[in-house]
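Chain and residue survey
What follows is the residue order along each chain.
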Amino acid sequence: MCDAMAHYGNPSSLHALGADAARLLKQCRADVGEALGERFLKDGQLLFTSCGTEATALALLGTARAKSRRVARTILTTDSEHPSVENNLKLLEKEGFCVVRVSTRGGVLDMTTVQAHLNSDLFMVSMMLVNNETGARYPVEQIFAMARAASPEVVCHCDAVQGFLKVPFTARSLGADLITVSAHKIHGPKGVGALFVSERMLKERRLSPFLFGGGQEFGFRSGTENMLGIVGFAAAAKACAGSLRTSLPHMAALSARLRASLEGSEITLNTPPVAAPHIVSLTLPQIKSETMLHHLAAHGIYVSAGSACSAHAKGPSSVLLAFGLDGAAAASSLRISFSPENTEDDVDALCAALADGLKTLVRIKH
Ligand code: PLP
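Structure report, in brief. This is a predicted model, so every value here is computed, not measured.

Some words on the overall build of the protein
From N to C terminus, the protein includes 13 helices and 10 strands. The C-alpha radius of gyration of the protein comes to 21 Å, within 12% of the 21 Å expected for a compact globule of 366 residues. Residues classed as buried in the protein amount to 53% of the 366 residues present. A fraction of 72% describes how many contacts in the protein between residues 6 or more apart in sequence connect residues 24 or more apart. Accessible area of the protein: about 16,200 Å², with a carbon and sulfur share of 57%. Distance between charge centres in the protein, computed from 35 positive and 33 negative side chains, equals 4 Å.

This is how it looks when you write it as structure tokens:
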């Protein structure tokens, strides 16, 4: 990113400085595309946005408002999506779409509800790959394939923000038409994301922009590109994709170490068996999440109560309620997330600080 500051041109400018920036932008697009398993991107297949939230808004609103939109009205999603999906779907609900939220109790998708809605009225399926609070990994490939078999025109969107470079997949293996990713989940800078768009969506003109202006990003996302952010995103994607073979088992081993050390303690684990390696959700015995969070922070350990994205939400996490926890348990839960840079010593320090917190922190009386 520091080097990229020297390429100060605007990629839309026609002079040499602009052409230089445009070349850099093209290379970044190729690098992020390659991390998604797509070596040869067509124009419009990888759109840079200001964050994952914007990429998802473009996917959902852009599909619903496309001129060539079908008359089908049902949108299938889960009851534990990130607010960037859920809140846009609420908007579409107000506009007349029928949104069906499939239960993810225990981190497992309710296939009976999915089956019941696989018909020709299915307009869109939007499901996350990995849940950001519980770590549950949903079988989206299977759902997208089933949806397509029932309604060939269906548009499949996947919020892969938490799964990108954390669980193995490619754009092709997911089978989604639209895939949201974000830089800051893979050690890139905050404030930059991307939407992958399938060739079919482009050919059939199924996606409309919702930011209008100078026509950047192939006309799908107007606004001057955040070049430094995009360069950082591409560098992070390249680095993470290059180390997947070691980083995934490493994070899985850290997670196993944490879970093993909590066995027999008063802490209960929420993370389901089919989960990404980097997230562990746990519930404390009658200790408020925030109380333990601050205790751990005092030991230099930074975790979250739910997810950072929902830290401003009032009340217990809707994701944990959907998972099956009651309000009290949800209010006493923590999300631990590992990075490939964490070590066994970090896990041991966490376990020691948790044990200390269990002994010393004030308990809530229910
Ligand atoms: N989707 C999931 C599952 C997330 O965890 C997040 C953010 O943490 C987002 C979407 C939103 O991404 P961004 O923060 O880049 O808008």
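A few points about the sheet that holds strand β4 (residues 122-128)
Within the open sheet, the 7 strands sit side by side as β1-β7-β6-β5-β4-β2-β3. Their pairing is mixed. Each of the sheet's edge strands pairs with one partner strand only, and the pair in question is β1 (46-49) and β3 (98-102). Adjacent strand axes in the sheet meet at a mean angle of 20° when their direction is disregarded. Pairing between strand β2 (residues 74-78) and β4: 3 bridges, direction parallel. Of the residues in β4, the one forming a bridge with I75 is M124. The strands touched by helix α2 (residues 52-64) are β1, β4, β5 (155-159), β6 (178-182) and β7 (193-197); relative to β6, the strand with the most contacts, the crossing angle is about 165°.

Section: the sheet that holds strand β8 (residues 268-269)
The 3 strands are arranged β8-β9-β10 in an open sheet whose pairing can be described as antiparallel. Each edge of the open sheet carries a strand with a single partner, namely β8 and β10 (333-337).

Comments concerning the packing of α2 against helix α3 (residues 83-94)
Packing of α2 against α3 leaves a shortest axis separation of 9 Å and a crossing angle of 25°. In this view, α2 runs roughly parallel relative to α3, as classed from their interaxial angle. For α2 against α3, the interelement crossing comes out right-handed. On α3, the residues that touch T53, T56, A57, L60, L61 and A64 of α2 are S84, V85, N88, L89, L91 and L92. Split by residue class, the contact of α2 with α3 holds 8 nonpolar, 4 polar and no charged.

Description of the pairing of β7
With 5 of its 5 residues buried, β7 lies for the most part within the structure. Alternating positions in β7 separate into two faces, G193, L195 and V197 on one and A194 and F196 on the other, with burial throughout. Sheet topology note: the β6/β7 ladder contains 5 bridges and is antiparallel. Residue pairing across strands places S182 opposite G193, the latter belonging to β7.

What about unusual backbone geometry?
Positive phi values are uncommon outside glycine, yet L165 reaches one of about 65°. In this fold, L165 is placed in the loop between β5 and α6 (171-174). Of note in this structure, E217 is not a glycine but carries a positive phi near 50°. As for its placement among the helices and strands, E217 is situated in the loop between α7 (199-203) and α8 (227-242). Judged by its relative accessible area of 3%, E217 is buried.

Brief notes about the environment of Q45
In this structure, Q45 sits in the loop between α1 (16-35) and β1. Spatially, the C-alpha atom of Q45 lies 17 Å from that of F210, the residues being 165 residues apart in sequence. Not counting the four nearest positions on each side in its chain, Q45 is found in contact with F40, L195, F196, V197, S198, E199 and L202. Polar contacts involving the side chain of Q45 include one to the main-chain amide nitrogen of K42, which spans 2.9 Å.

Thresholds, definitions, all that
Residues numbered from 1 in each chain as written. Predicted model: local features only at pLDDT ≥ 70, side-chain atom pairs only at ≥ 80, totals over all residues. Heavy atoms only, no water. Helix = DSSP H or I, 4+ residues; strand = E, 2+ residues; numbered from the N terminus. Rg over C-alpha atoms; globule rule 2.2 N^0.38 Å. Buried < 20%, exposed > 50% of the residue type's maximum accessible area, 1.4 Å probe, protein only. Contact = heavy atoms within 4.5 Å. Areas by Shrake-Rupley, 256 points an atom, 1.4 Å probe, with all protein chains shown as cover. Lys, Arg positive; Asp, Glu negative; His and termini not counted. Charge placed at Lys NZ, Arg CZ, Asp CG, Glu CD. Pairing = 2+ DSSP bridges. Axes fitted to C-alpha atoms, helices over the stretch in contact; angles between N-to-C directions. Parallel < 35°, antiparallel > 145°, perpendicular 65-115°, else oblique. Left-handed = near helix turned anticlockwise from the far one by under 90°. Nonpolar A, V, L, I, M, F, W, Y, C, P; charged D, E, K, R; others polar. Polar contact = N/O pair within 3.5 Å; in protein donor to acceptor, adjacent residues only side chain to side chain.

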